[in-house]
Amino acid sequence: MNLAFSQLAAAFAAGNKAMVKMSENSRHLSALLSELVGNYFKPEKLQFYCETGEVGIAFSKLPFDHLMFTGSGETGKKVMAAAAQNLTPVTLELGGKSPAVIATDYPMQKAVERIMYVKQMNAGQICTNVDYVFVHQSQLALFIDTATRWAKKHVSDIHSQDYTAIIDDRAFKRLTNCIEEAKQLGADVITLSDQVADANTRKLPLTLILNSNDSMSIDTRETFGPILMVKTYQDSQQVVDYIAERDRPLAFYPFSYNKQLINFYIEQVMSGGVSVNDALFHVGQHDLPFGGVGASGMGHYHGYEGFLTFSKLRPVFYQTKFSSVKFLMPPYGRFADKLLAFLSKLNS
């Protein structure tokens, strides 16, 4: 809902009509919106289209004036390739693996409550969610203990209506397979609940994974679930080097009261956006442009930048009744030479 209508707000502000094809995972929501939208908008202004089989493929091939896509990087490449056939400009919001780093000067309790709050929101199914967190080697045990106590206080029962289910069986199986694979390949898995994953309700407890590496899919693809990789570091350059070796993230979350350290991270880590001493909330500031960079996307929306994204800056020039151009028409003589010399002198 947020992604669809925040983008529509920008598109309508710029005077456009819009066609919306939502994810195949959201078929029920798409059907409901398709039914309701006619009560508020004329069909030539806005329409939602439901997935009935390869609708998304056909949709991306239409000769739009602009195409906005939110989803995975792999699907984003296909959408961009299809749009290129019509030279349709695209804005891609693709997610990725967004890191956080907790400096030793920042209170662990406050860092954990802010990170874990975001991690449990929508069961981690948010493109700008914290994917992994760097904790100083000396504070690893403290982080695990604090996160465990936070989860028992705030998410003690995964079957509560306050805790979101995974969207479908395929996504649930992907997440449980990632956890099992990591465990088999030597990672340490800590479930922050006395409960286990429930395939019937698709509820998955908050889970920490330690000692993961690039041989595990949990380390190499966007998590998009209530799983948090915990990595240790000894110095800030180690954090920067690790992030730089991978695709540029959609968001970055440094926690520290040291302004010099924060500026170092902001200058050295390339990302779509940054929240300092919190996570996710830069996205909620609607006057800030939102968008990715590199593998996490291209283009911006929200606020004025959203208006520009869905606009075409169209220059219009009005000529006066008198135009000096007639003095530069051939055949050229001494006057033209003098005028060009004068104009050249002005520009020098």
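Residues numbered from 1 in each chain as written. Predicted model: local features only at pLDDT ≥ 70, side-chain atom pairs only at ≥ 80, totals over all residues. Heavy atoms only, no water.

**Student:** Give me the lowdown on the side chain of Asp198, citing residues and values where you can.
**Tutor:** Following the sequence through the fold, Asp198 ends up in the loop between β7 (188–191) and β8 (207–210). A polar contact is formed between the side chain of Asp198 and the backbone nitrogen of Thr201, at a distance of 3.4 Å. Asp198 has contacts with His159, Phe172 and Lys203, leaving out every residue within four places of it along the chain. (Helix = DSSP H or I, 4+ residues; strand = E, 2+ residues; numbered from the N terminus. Polar contact = N/O pair within 3.5 Å; in protein donor to acceptor, adjacent residues only side chain to side chain. Contact = heavy atoms within 4.5 Å.)

**Student:** With reference to specific residues and values, describe the nonpolar core.
**Tutor:** Ranked by size, the top nonpolar core spans 33 residues in total, and within it Val133, Phe143 and Leu208 carry the most contacts. Contributing elements (two or more residues each) for this core: β5 (98–102), α5 (108–120), β6 (130–136), α6 (140–154), β8, β9 (227–233) and β10 (251–255). The contacts of Leu208, once residues within four sequence positions are left out, are Phe143, Ile144, Ala147, Asp188, Val189, Ile190, Leu192, Leu228 and Val230. (Core = buried A, V, L, I, M, F, W, Y, C linked by side-chain atoms within 4.5 Å. Buried < 20%, exposed > 50% of the residue type's maximum accessible area, 1.4 Å probe, protein only.)

**Student:** Could you give an account of the sheet that holds β10, naming the residues involved and the relevant values?
**Tutor:** The seven strands lie next to each other as β7-β8-β9-β6-β5-β10-β11, forming an open sheet whose pairing is mixed. Looking along the sheet, the strands with just one partner apiece sit at the ends: β7 and β11 (273–274). Summarising the sheet, β8 and β9 pair through four bridges and their orientation is parallel. Each residue of the ladder has a partner; that of Thr207, found in β9, is Ile227. This element, helix α7 (residues 169–184), spans β7, β8 and β9 of the sheet and lies at about 35° to β8. Packing against the sheet, helix α10 (residues 259–268) makes contact with β5, β9, β10 and β11, and its axis sits at approximately 165° to β10. (Pairing = 2+ DSSP bridges. Axes fitted to C-alpha atoms, helices over the stretch in contact; angles between N-to-C directions.)

**Student:** So what's going on with the pairing of strand β3 (residues 67–70)? Residues and values would help.
**Tutor:** Sheet topology places β3 next to strand β4 (residues 90–93); four bridges connect them, and they run parallel. Across the sheet, the residue bridging to Thr70 is Glu93, located in β4. Regarding the hand of the β-α-β motif, the stretch spanning β3, helix α4 (residues 73–84) and β4 is right-handed. (Right-handed = clockwise from strand over helix to strand, strands pointing away.)

**Student:** Residues and numbers for the packing of aromatic side chains, please.
**Tutor:** If you walk through the whole model with that rule in mind, you get 14 aromatic pairs. Consider the rings of Tyr132 and Phe134, whose centres lie 5.8 Å apart with planes at 75°: the pair is edge-to-face. Comparing Tyr132 with Phe134 shows no difference in burial state: the two are buried. A ring pair is formed by Phe290 and Tyr301, whose centres lie 5.7 Å apart and whose planes are at 80°; its orientation type is edge-to-face. Linking Phe290 in the loop between β11 and β12 (297–298) with Tyr301 in the loop between β12 and α11 (303–309), this pair joins segments that are 11 residues apart in sequence. An identical accessibility class is assigned to Phe290 and Tyr301; each is buried. (Phe/Tyr/Trp six-rings, centres within 6.5 Å; stacked < 30°, edge-to-face > 60°.)

**Student:** Go over the environment of Phe64, please, and point to the residues and values.
**Tutor:** Following the sequence through the fold, Phe64 ends up in the loop between α3 (55–60) and β3. Separated by 176 residues in sequence, Phe64 and Val240 place their C-alpha atoms 39 Å apart. Every residue in contact with Phe64, bar those within four places of it in the chain, is listed here: Met19, Phe59 and Thr88.

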